[in-house]
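Each chain, letter by letter, is given below.
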Amino acid sequence: MLKLVMNSCVSFILIMLAACGMTNEHNKMDHSYNQDHEATEVSEVAVDSLSVELKNTKGEKVGIAALTEEKNGVRIKLQAEGLAPGRHGFHIHEIGKCEQPDFKTAGEHYNPFSREHGFKNPKGPHAGDLPNIEVDANGKASVETFASLVTLQQGKPNSLLDVDGSAVIIHEQADDYKTNPAGNSGDRIACGVVAK
Ligand code: ZN
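The structure reproduced in this document is the subject of the present report. (Residues numbered from 1 in each chain as written. Predicted model: local features only at pLDDT ≥ 70, side-chain atom pairs only at ≥ 80, totals over all residues. Heavy atoms only, no water.)

1. Structural notes on the side chain of Thr 151
No. 1: Relative to the elements of secondary structure, Thr 151 occurs in the loop between strand S6 (141-147) and strand S7 (166-171).
No. 2: With a relative accessible area of 6%, Thr 151 lands in the buried category.
No. 3: Side-chain polar atoms of Thr 151 contact the backbone nitrogen of Gln 153, separated by 3.0 Å.
No. 4: Apart from residues lying up to four places away in sequence, Thr 151 is in contact with Glu 69, Val 74, Lys 156, Asn 158, Ser 159 and Leu 160. (Helix = DSSP H or I, 4+ residues; strand = E, 2+ residues; numbered from the N terminus. Buried < 20%, exposed > 50% of the residue type's maximum accessible area, 1.4 Å probe, protein only. Polar contact = N/O pair within 3.5 Å; in protein donor to acceptor, adjacent residues only side chain to side chain. Contact = heavy atoms within 4.5 Å.)

Here you go:
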(Lines give C-alpha, C1' and ligand atoms only; values in the text may rest on other atoms or scores of the structure.)
Protein backbone atom coordinates (compact mmCIF):
# COMPACT_ATOMS: atom_id res chain seq x y z
CA MET A 1 0.00 0.00 0.00
CA LEU A 2 2.76 2.39 1.01
CA LYS A 3 4.60 1.59 -2.19
CA LEU A 4 1.51 2.37 -4.24
CA VAL A 5 1.07 5.74 -2.55
CA MET A 6 4.71 6.57 -3.15
CA ASN A 7 4.43 5.58 -6.79
CA SER A 8 1.39 7.80 -7.13
CA CYS A 9 3.27 10.67 -5.53
CA VAL A 10 6.21 10.20 -7.87
CA SER A 11 3.88 10.11 -10.86
CA PHE A 12 2.11 13.21 -9.65
CA ILE A 13 5.40 15.07 -9.17
CA LEU A 14 6.59 14.04 -12.63
CA ILE A 15 3.37 15.30 -14.20
CA MET A 16 3.71 18.59 -12.33
CA LEU A 17 7.32 18.99 -13.47
CA ALA A 18 6.33 18.29 -17.05
CA ALA A 19 3.58 20.86 -16.79
CA CYS A 20 5.98 23.40 -15.36
CA GLY A 21 8.41 22.73 -18.19
CA MET A 22 5.70 23.33 -20.76
CA THR A 23 4.67 26.55 -19.11
CA ASN A 24 8.24 27.82 -19.07
CA GLU A 25 8.68 27.00 -22.72
CA HIS A 26 5.48 28.80 -23.52
CA ASN A 27 6.60 31.87 -21.59
CA LYS A 28 9.93 31.91 -23.37
CA MET A 29 8.20 31.89 -26.74
CA ASP A 30 5.93 34.72 -25.69
CA HIS A 31 8.91 36.68 -24.45
CA SER A 32 10.95 36.34 -27.63
CA TYR A 33 7.91 37.27 -29.67
CA ASN A 34 7.52 40.44 -27.64
CA GLN A 35 11.19 41.31 -28.03
CA ASP A 36 11.05 40.93 -31.80
CA HIS A 37 7.91 42.95 -31.90
CA GLU A 38 9.42 45.78 -29.86
CA ALA A 39 12.60 45.78 -31.95
CA THR A 40 10.54 46.20 -35.09
CA GLU A 41 8.65 49.09 -33.57
CA VAL A 42 11.83 50.85 -32.47
CA SER A 43 13.41 50.64 -35.92
CA GLU A 44 10.32 52.25 -37.41
CA VAL A 45 10.44 55.27 -35.12
CA ALA A 46 11.46 58.29 -37.17
CA VAL A 47 13.94 60.60 -35.48
CA ASP A 48 13.67 63.89 -37.31
CA SER A 49 15.98 66.04 -35.29
CA LEU A 50 18.02 66.11 -32.15
CA SER A 51 20.25 68.45 -30.24
CA VAL A 52 23.83 67.59 -29.27
CA GLU A 53 25.64 69.44 -26.49
CA LEU A 54 29.39 69.76 -26.96
CA LYS A 55 31.75 70.06 -24.00
CA ASN A 56 35.45 70.85 -23.90
CA THR A 57 38.12 68.75 -22.18
CA LYS A 58 37.36 70.48 -18.86
CA GLY A 59 33.71 69.49 -19.09
CA GLU A 60 32.50 73.02 -19.89
CA LYS A 61 29.73 73.46 -22.43
CA VAL A 62 31.09 75.10 -25.58
CA GLY A 63 28.39 74.50 -28.15
CA ILE A 64 25.23 72.97 -29.49
CA ALA A 65 24.87 71.03 -32.72
CA ALA A 66 21.34 70.68 -34.10
CA LEU A 67 21.01 67.60 -36.33
CA THR A 68 18.06 67.37 -38.70
CA GLU A 69 17.15 64.44 -40.92
CA GLU A 70 16.60 65.49 -44.52
CA LYS A 71 15.92 63.59 -47.73
CA ASN A 72 19.55 62.77 -48.57
CA GLY A 73 21.36 63.09 -45.28
CA VAL A 74 21.62 65.02 -42.05
CA ARG A 75 21.86 68.80 -41.78
CA ILE A 76 24.10 69.97 -38.93
CA LYS A 77 23.92 73.48 -37.48
CA LEU A 78 26.67 74.20 -35.00
CA GLN A 79 26.80 77.15 -32.61
CA ALA A 80 29.99 77.19 -30.55
CA GLU A 81 32.02 79.55 -28.38
CA GLY A 82 35.12 79.55 -26.21
CA LEU A 83 37.27 78.02 -28.94
CA ALA A 84 40.66 79.13 -30.31
CA PRO A 85 40.21 81.35 -33.40
CA GLY A 86 40.97 79.75 -36.78
CA ARG A 87 40.01 76.62 -38.68
CA HIS A 88 39.26 73.38 -36.88
CA GLY A 89 38.53 69.84 -38.00
CA PHE A 90 34.93 68.79 -37.40
CA HIS A 91 33.87 65.15 -37.62
CA ILE A 92 31.32 62.58 -36.58
CA HIS A 93 32.99 59.78 -34.62
CA GLU A 94 31.86 56.16 -34.34
CA ILE A 95 31.00 55.80 -30.64
CA GLY A 96 28.70 57.95 -28.53
CA LYS A 97 31.06 58.25 -25.59
CA CYS A 98 32.82 61.53 -24.72
CA GLU A 99 35.12 60.81 -21.79
CA GLN A 100 37.67 63.35 -20.61
CA PRO A 101 40.42 64.23 -20.90
CA ASP A 102 40.97 63.37 -24.58
CA PHE A 103 37.65 61.94 -25.89
CA LYS A 104 39.46 58.89 -27.30
CA THR A 105 36.44 56.87 -26.13
CA ALA A 106 34.54 58.22 -29.16
CA GLY A 107 36.69 56.01 -31.40
CA GLU A 108 37.65 56.82 -34.98
CA HIS A 109 35.67 58.73 -37.60
CA TYR A 110 32.28 57.16 -38.31
CA ASN A 111 33.01 54.85 -41.23
CA PRO A 112 30.24 52.34 -42.01
CA PHE A 113 31.33 52.07 -45.66
CA SER A 114 34.98 51.17 -44.90
CA ARG A 115 36.53 54.13 -46.71
CA GLU A 116 39.66 56.13 -45.90
CA HIS A 117 39.76 59.64 -44.51
CA GLY A 118 39.24 62.80 -46.48
CA PHE A 119 37.28 64.46 -49.28
CA LYS A 120 40.53 64.76 -51.30
CA ASN A 121 41.47 61.13 -50.74
CA PRO A 122 40.54 58.93 -53.76
CA LYS A 123 39.67 56.16 -51.29
CA GLY A 124 37.64 58.52 -49.11
CA PRO A 125 35.77 59.95 -47.45
CA HIS A 126 34.53 58.56 -44.18
CA ALA A 127 30.79 59.03 -43.76
CA GLY A 128 31.65 61.10 -40.65
CA ASP A 129 33.98 63.53 -42.45
CA LEU A 130 32.74 67.13 -42.42
CA PRO A 131 34.20 70.42 -43.68
CA ASN A 132 36.41 72.42 -41.31
CA ILE A 133 34.71 75.01 -39.16
CA GLU A 134 35.87 78.62 -38.92
CA VAL A 135 36.10 80.13 -35.43
CA ASP A 136 36.15 83.94 -35.37
CA ALA A 137 38.40 86.25 -33.37
CA ASN A 138 35.94 86.14 -30.47
CA GLY A 139 36.19 82.37 -30.26
CA LYS A 140 32.75 81.83 -31.75
CA ALA A 141 31.56 79.71 -34.63
CA SER A 142 28.23 79.54 -36.40
CA VAL A 143 28.30 76.84 -39.02
CA GLU A 144 25.82 74.97 -41.16
CA THR A 145 26.90 71.84 -42.99
CA PHE A 146 25.36 68.75 -44.56
CA ALA A 147 26.42 65.13 -44.01
CA SER A 148 25.14 63.26 -47.07
CA LEU A 149 26.44 59.80 -46.09
CA VAL A 150 24.65 59.38 -42.77
CA THR A 151 21.10 59.21 -41.43
CA LEU A 152 19.24 59.49 -38.14
CA GLN A 153 16.93 56.64 -39.17
CA GLN A 154 17.53 53.70 -36.88
CA GLY A 155 18.15 50.31 -38.44
CA LYS A 156 20.01 51.72 -41.46
CA PRO A 157 23.68 50.65 -41.86
CA ASN A 158 24.82 54.29 -41.81
CA SER A 159 22.64 55.42 -38.92
CA LEU A 160 24.18 57.76 -36.36
CA LEU A 161 21.79 56.18 -33.86
CA ASP A 162 23.25 52.69 -34.09
CA VAL A 163 23.81 50.44 -31.07
CA ASP A 164 26.79 52.39 -29.68
CA GLY A 165 25.62 55.81 -30.89
CA SER A 166 28.04 58.35 -32.32
CA ALA A 167 29.73 61.61 -31.36
CA VAL A 168 30.37 65.03 -32.87
CA ILE A 169 33.93 66.25 -32.30
CA ILE A 170 35.85 69.49 -32.89
CA HIS A 171 39.62 69.13 -33.31
CA GLU A 172 42.49 71.40 -32.35
CA GLN A 173 43.71 71.93 -35.91
CA ALA A 174 42.31 72.06 -39.43
CA ASP A 175 41.61 68.84 -41.34
CA ASP A 176 43.79 68.55 -44.48
CA TYR A 177 41.04 66.39 -46.10
CA LYS A 178 43.49 63.71 -47.22
CA THR A 179 45.67 62.21 -44.47
CA ASN A 180 44.34 58.92 -43.14
CA PRO A 181 42.86 58.37 -40.60
CA ALA A 182 42.00 61.85 -39.24
CA GLY A 183 43.36 64.56 -41.56
CA ASN A 184 46.19 65.62 -39.21
CA SER A 185 43.68 67.62 -37.23
CA GLY A 186 45.35 67.07 -33.86
CA ASP A 187 43.76 66.65 -30.46
CA ARG A 188 40.03 66.47 -29.81
CA ILE A 189 39.00 69.68 -28.04
CA ALA A 190 35.20 69.34 -27.83
CA CYS A 191 32.84 66.38 -27.95
CA GLY A 192 29.09 65.77 -27.91
CA VAL A 193 27.15 62.51 -27.82
CA VAL A 194 24.58 61.91 -30.57
CA ALA A 195 21.66 60.14 -28.88
CA LYS A 196 17.90 60.25 -28.85
ZN1 ZN B 1 37.71 60.85 -41.52
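2. Concerning the coordination of the zinc ion
No. 1: Around the zinc ion, the protein supplies His 109 (ND1), His 117 (ND1), His 126 (ND1) and Asp 129 (OD) as donor atoms, at distances of 1.9 to 2.0 Å.
No. 2: All donors of the zinc ion come from a single chain, and their spacing in sequence reads H-x7-H-x8-H-x2-D. Each of the two residues, His 126 as well as Asp 129, counts as buried. (Donors = N, O, S within 2.8 Å, 3.2 Å for Na, K, Ca; no water.)

3. Observations regarding the state of the cysteines
No. 1: If you walk through the whole model with that rule in mind, you get 1 disulfide.
No. 2: Between the sulfur atoms of Cys 98 and its disulfide partner Cys 191 the distance amounts to 2.0 Å. Between Cys 98 and Cys 191, the S-S torsion sits near -65°, and that sign places the bridge as left-handed. Taken together, the positions of Cys 98 in the loop between strand S4 (86-93) and strand S5 (129-135) and Cys 191 in strand S8 (residues 188-194) put the pair 93 residues apart, joining distant regions of the chain.
No. 3: You can call Cys 98 partly exposed: its relative accessible area is 23%.
No. 4: For Cys 191, a relative accessible area of 2% gives the class buried. (Disulfide = S-S within 2.5 Å.)

4. Let's talk about unusual backbone geometry
No. 1: Of note, the bond from Gly 124 into Pro 125 is cis; its omega dihedral lies within 30 degrees of zero at -5°.
No. 2: Of the consecutive residues Asn 180 and Pro 181, the connecting peptide bond is found in the cis state with omega at 0°.
No. 3: Its identity as a non-glycine residue notwithstanding, Phe 103 has a phi of 60°, on the positive side.
No. 4: Its location among the elements puts Phe 103 in the loop between S4 and S5.
No. 5: One non-glycine residue with positive phi stands out, namely Asn 184, at about 50°.
No. 6: Topologically, Asn 184 is positioned in the loop between S7 and S8.
No. 7: Classification of Asn 184 as exposed rests on a relative accessible area of 52%.

5. A look at the pairing of strand S2 (residues 61-70)
The side chains of a regular strand alternate between the sheet's two faces.
No. 1: Pairing of strand S1 (residues 49-56) with S2 involves 7 bridges; the strand directions are antiparallel. Counterpart to Ser 51 in the pairing with S2 is Ala 66.
No. 2: Connecting the antiparallel pair S1 and S2 is a turn made up of 4 residues, with Gly 59 showing a positive phi of about 90°.
No. 3: In terms of strand pairing, S2 meets strand S3 (residues 73-80) through 8 bridges, oriented antiparallel. Bridge assignment links Glu 69 to a residue of S3, and that residue is Val 74. (Pairing = 2+ DSSP bridges.)

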